[in-house]
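Residue-level structure breakdown
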Amino acid sequence: GRAMHVAALPLARTLLAALRARLSALCWSLARLSLSLPLPGWQRLSALGPSVAAGPLRERQRDGAAPTPTSVNYHFTRQCNYRCGFCFHTAKTSFVLPLEEAKRGLAMLKEAGMEKINFSGGEPFLQDRGEFVGKLVQFCKQDLKLPSVSIVSNGSMIREQWFKKYGKYLDILAISCDSFHEEVNVLIGRGQGKKNHVEKLHKLRQWCRDYAVAFKINSVINRFNVEEDMNEEIKALNPVRWKVFQCLLIEGENCGEDALREVEKFLISDKDFERFLDRHKDVSCLVPESNQKMRDSYLILDEYMRFLNCTNGRKEPSKSILDVGVGEAIQFSGFDEKMFLKRGGKYVWSKADMKLEW
């Protein structure tokens, strides 16, 4: 009886995988149906007319020239295992596109001029224990031959096995770290029981060296870490870039009635942010980003592959590129190409071109 039970296990697993795939496809069909209906954000943006959009966007809509999606941030999942109090892309849905649909959208973006893709979330390594993002990374580098493929992660779920399998296809791994004091990380919402966020950061740094992946750090400066001196730790870790963001308020995500977070207690003034930057001005890899730079200069795709326009302080979705194409959807993205270039959005982002000591 036991032998038969063991023999039946692989068959049961195969059936379960097939069912899961069918269910995913069904969910996507239903989502496509609901996305073809007028969306509240879409209605609001079109009803208000072009006057609500930023100046450069107004001009583009007049002359019909769509911006090029040179660098795209694809938030393919909103699910996360951390609860950062200031998070501005929260778990409002649990939806993730079927792999083949995601690949189709990425191919469309490449066709429209995409050179860099950044996979983000939520936490990208939650979906299929990192296999989903691994397959997308491999597809973008191997099939689409994109110059730059990167991931932003909190790092907690990444294993060395993932680097062995997918490391060669990844240009940059950015790990979010807001403090080098574990108690501050817990206050912010990056606590993981007995697991230590800072210890894992150092382990990931070493894996990036071992598997030739450029290492980057992202920090959100907020009320709990604004007085911290991170000079020594950052210099020791020696990332290719240290992105320092001012804590950002986005209605519907981290403030307002329908928000899942309350950002107010984390917010800092522009002056506070400047003081933090001044304290770290000798760190050569520092890349500061104020609220204004962040709001207008990122191309953000959500889990349905809709561009999110943040220029009005909340995320207004376009229609999905899978339904209307990249050219039409991007017109509603609020993307300011000049600001993108001004903030240094285009840099040496392919690891083949980086002079890195692995």
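The residue count restarts for each chain, going from 1 along the sequence in the order it is written. Per-residue local features are limited, in this predicted model, to residues with pLDDT of at least 70; the limit for side-chain atom pairs, both in listing and counting, is 80 or more; totals at the level of whole chains, interfaces and linings are taken over all residues. Side-chain measures were taken over the full set of non-hydrogen atoms in the model, leaving aside hydrogen atoms and water.

For the protein chain, the name recorded in an unreviewed UniProt entry is S-adenosylmethionine-dependent nucleotide dehydratase RSAD2, with Eudromia elegans as its organism. UniProt positions are given in the numbering used here, feature names are shortened, and annotations may be inferred rather than shown by experiment. The record in UniProt for the protein chain states the following under Sequence similarities (unreviewed entry): "Belongs to the radical SAM superfamily. RSAD2 family."

Before going further, it helps to spend a moment on helix α8 (residues 197–210). Here α8 is 14 residues long and its end C-alpha atoms lie 20 Å apart, about the 20 Å a rise of 1.5 Å per residue gives. Any two residues whose heavy atoms approach within 4.5 Å are treated as being in contact. The numbering of helices and of strands both runs from the N terminus, where a helix is a DSSP run of H or I of at least 4 residues and a strand a run of E of at least 2. On its buried side, α8 packs onto α6 (160–166), β4 (172–176), α7 (182–188), β5 (214–221) and α9 (231–237). Definition of a polar contact: a pair of N or O atoms within 3.5 Å, with one able to donate and the other able to accept a hydrogen when the atoms are protein atoms, and with sequence-neighbouring residues admitted only if both atoms are side-chain atoms. N-cap assignment for α8: the residue whose side-chain oxygen lies 2.9 Å from the backbone N of V198 is N196. Within two residues after α8, A212 carries a phi angle of roughly 55°, on the positive side. A helix's residues, less one, multiplied by 1.5 Å, set its expected span.

What follows covers the packing of aromatic side chains. We call Phe, Tyr and Trp rings a pair once their centres come within 6.5 Å, taking the six-membered ring for Trp, and we label the pair stacked below 30 degrees between planes, edge-to-face above 60, and tilted otherwise. In this structure the tally under the stated criterion is twelve aromatic pairs. Geometrically, the ring pair formed by F76 and F132 is tilted, given 5.2 Å between the ring centres and 40° between the ring planes. Of this pair, F76 sits in the loop between β1 (71–75) and α4 (99–111) while F132 sits in helix α5 (residues 131–143); the two residues are 56 residues apart in sequence, bridging distant segments of the chain. The same class applies to F76 as to F132, namely buried. An angle of 45° between the planes, with centres 5.4 Å apart, marks the rings of W162 and Y166 as tilted. Within this pair, W162 and its partner Y166 are both found in helix α6, separated by four residues, close to a single helical turn. The same class applies to W162 as to Y166, namely buried. Under the scheme applied here, a residue whose accessible area is under 20% of the maximum for its type counts as buried, over 50% as exposed, and between as partly exposed, the area being computed with a 1.4 Å probe on protein chains only.

What follows is about α5. Taking 1.5 Å per residue, 13 residues should reach 18 Å; α5 reaches 17 Å between its end C-alpha atoms and fits that length. Remark: K145 follows α5 within two positions and exhibits a positive phi of approximately 55°.

So, about the packing of α4 against α5. Lines fitted to C-alpha atoms define the axes here, with helix axes fitted over just the stretch in contact, and angles between the N-to-C directions of these axes take values from 0 to 180 degrees. Where α4 meets α5, the axes come as close as 11 Å, and the angle between the chain directions of the two elements is 35°. Crossing of α4 against α5: the hand is right-handed. Residue-level contacts link L99, A102, K103 and L106 of α4 to F132, K135, L136, F139 and C140 of α5. Just so you know the grouping, Ala, Val, Leu, Ile, Met, Phe, Trp, Tyr, Cys and Pro go in nonpolar, Asp, Glu, Lys and Arg go in charged, and all remaining residues, Gly too, go in polar. Taken together, the residues that form the contact of α4 with α5 break down as seven nonpolar, no polar and two charged. For any helix crossing, the convention is left-handed if the near helix is rotated counterclockwise from the far helix by under a right angle, and right-handed if that rotation is clockwise.

This next bit is on the pairing of strand β6 (residues 241–246). Burial analysis of β6 places six of its six residues in the buried class, which makes it a mostly covered element. The alternating pattern of β6 places R241, K243 and F245 on one face and W242, V244 and Q246 on the opposite face, and all of these are buried. As paired elements, β5 and β6 share six bridges and run parallel to each other. Its bridge partner lying in β6, S219 is registered against V244. Once the chain exits β5 it traverses α9 before rejoining the sheet at β6, and the crossover so formed is right-handed. Bridge analysis of β6 against strand β7 (residues 286–289) gives four bridges, and the strand direction is parallel. Across the sheet, residue V244 finds its bridge partner in β7, namely P288. Strand pairing is defined by DSSP finding a minimum of two bridges between the two strands. Handedness of a crossover is defined as follows: orient the strands so they point away from the viewer, and if the path from the first strand over the helix to the second runs clockwise, the crossover is right-handed.

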